[in-house]
Every structure is written in C-alpha cells, then in structure tokens.
Amino acid sequence: ELWGQTPDRFDEKILNTIYDGLKASGMKVKMFVIDGYWEGKYGNLQHSQERFPHFEATLERMRAEGYDIGLWAAFMRCEDPAGLGLTTAHMMRQPDGTPFTIRGDPTGLGGAFYLFDFTQPEVQKVMSELAKEFVRRYKPDFVKFDFGYEIPPLSLAAPKDMRLAGERMLLKGIQVVGGAMREVNPDIVILYYSLSPLFIDYFDLNSPDDLGLTGDV
C-alpha cells in the first residue's frame, strides 16, 4: 500500500516506515537520505507541515540513533515568488518577457514552477538567507543539489544579466547557495548530478543517476 503511492503523497507515515524498515533489516549504514517531496513548495526550503507534522523531531530521532542526515533540494526552482518577497520579474524570462514556467510533475510537488534568476542581487540575497536557515534548521550533513539539466536553452529563456547566461548562471547560483550553506556548516557535503570544470570548487560528490534523462538527446 505504501509503495504504490505517488511521490506527492510521501508523508510522515511512509518516511517512518522506510526508516524503521532499514533499522529492522540489519543493514549497517551511516547515513539516511530523504530525497525529494519533503518540501511544501519548491523554493522556500521548508518541509510540508501537513504531510510531515513532526519532521524536525524525526530528524533528531535519526541523529540520536546514530545516523547522519541527507536532504535533497532543487534550489533553483520557485513555486511562489511572492511568498519570498519576490515577483516573477525575478525569475528567468522568455523572449516575450513573460516568466519561463516548467509544468508541474504529475508525480511530484504541487503545480508549475519558475526558475530563480540568480544573476539578480535581490534573488541572491533571498536565496542566501533561505539556504542558511535551511542548514540551521534541519542540520543536514549531506545535501543533494538538484538542477542543472533544467537550464533552458537561451532561445526559450534567459536571465537578466546575459553575461551570466547558461552554465554561468548555474555557477552563480551554486556560489550563492553553496557558499551560504558552508557559512553555517563548513563541513557539509554537497552532491551534484553533472560534471563540469566550473563547479569543481563547490561540489564534493557527483552522481550519474539522472543520465537516463539524456537518452533521447
């Protein structure tokens, strides 16, 4: 019953069932990683109060029982700019000036979302503070930084500062978010899903697990 639910139904009961099952299995692992769908909305880096009413207490229980904690986050997605004190003008824009939108994943969180334009100082300030609070509040030892392959081609969307278009916009976002997280915890481990010489100073681990998405390219 639990395994048949779609990711947006991921909740505290399922999380505890998986965790308790891991302990009961006898497997000797050091870290427990909570992947996507723990957030209430993309962009605010906060857990869903409705689906995970005791999220922080659950993390503390895991730590007390000897596990390091890993959390996934798609730091450049934003579902509700106004909720962060921003507007759609702070998101990546299409050639006609309207905000670029990615439709909601039918098996994922909420509805459609935007992409932060990290070339804008206002966005950098907001996201830096969000990233610091994320680390202070949840105390992750390990972070899966998801994005990269969602950068649209410039024919579809672009940042305000074209000097930082393409991968360089992602680099700016990594510098802002990664730098902010390491201000709070210099020892935090950050994983990414793609190799690039631009990112060598910011990521500790690389994962090839999304390469299947490029199969049709």
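The structure presented is a predicted model; accordingly, all values stated were derived computationally and were not measured.

**Quick word on helix α4 (residues 167–184)**
Taking 1.5 Å as the rise per residue, α4 with 18 residues should run 26 Å; its terminal C-alpha atoms sit 26 Å apart, in good agreement. Listed in full, the buried residues belonging to α4 are M169, L170, L171, G173, I174, V176, V177, G178, A180 and M181. Buried residues in α4 make contact with α3 (121–138), β5 (142–145) and β6 (189–192).

**Some points on α3**
Taking 1.5 Å of rise per residue, 18 residues should cover 26 Å, and α3 covers 26 Å from first to last C-alpha, within 8% of that figure. Taken together, the buried positions of α3 are occupied by V123, Q124, V126, M127, S128, L130, A131, K132, F134, V135 and Y138. Looking at the buried positions of α3, the neighbouring elements they touch are α2 (55–64), β2 (68–73), β5 and α4. Looking one or two places after α3, you find K139, whose phi comes out positive at around 55°.

**Focus: the packing of aromatic side chains**
Throughout the structure, instances matching the rule amount to 15 aromatic pairs. Ring centres 5.5 Å apart and planes at 0° place the aromatic pair W38 and F55 in the stacked group. You can see W38 sitting in the loop between β1 (31–34) and α2 and its partner F55 sitting in helix α2, a full 17 residues away along the chain. In this pair, the class of W38 matches that of F55, namely buried. One aromatic cluster is present, formed by F10, W38, F52, F55, F75, F134, Y138, F145 and Y192 through successive ring pairs.

**Observations regarding the environment of A157**
Checked against the element boundaries, A157 lands in the loop between β5 and α4. Spatially, the C-alpha atom of A157 lies 9.4 Å from that of T101, the residues being 56 residues apart in sequence. For A157, the contacting residues outside a window of four places in its chain are M92, R93, Q94, F100 and P152.

**Considering unusual backbone geometry**
Its identity is not glycine, yet Y37 carries a phi of approximately 80°, on the positive side. By secondary structure assignment, the location of Y37 is in the loop between β1 and α2. Despite not being glycine, K139 has its phi angle at roughly 55°, a positive value. By the secondary structure assignment, K139 is in the loop between α3 and β5. Under the relative-accessibility criterion, K139 is labelled partly exposed at 42%.

**Focus: the packing of α3 against α4**
Where α3 meets α4, the axes come as close as 8 Å, and the angle between the chain directions of the two elements is 35°. Seen along the crossing, α3 lies across α4 with a hand that is right-handed. Contacts from Q124, M127, S128, A131, K132, F134, V135 and R136 of α3 reach α4 at K172, V176, V177, A180, M181, E183 and V184. Its residues placed into classes, the contact of α3 with α4 shows 9 nonpolar, 2 polar and 4 charged.

What counts and how
- Residues numbered from 1 in each chain as written.
- Predicted model: local features only at pLDDT ≥ 70, side-chain atom pairs only at ≥ 80, totals over all residues.
- Heavy atoms only, no water.
- Helix = DSSP H or I, 4+ residues; strand = E, 2+ residues; numbered from the N terminus.
- Expected span 1.5 Å × (residues − 1).
- Buried < 20%, exposed > 50% of the residue type's maximum accessible area, 1.4 Å probe, protein only.
- Contact = heavy atoms within 4.5 Å.
- Phe/Tyr/Trp six-rings, centres within 6.5 Å; stacked < 30°, edge-to-face > 60°.
- Axes fitted to C-alpha atoms, helices over the stretch in contact; angles between N-to-C directions.
- Left-handed = near helix turned anticlockwise from the far one by under 90°.
- Nonpolar A, V, L, I, M, F, W, Y, C, P; charged D, E, K, R; others polar.

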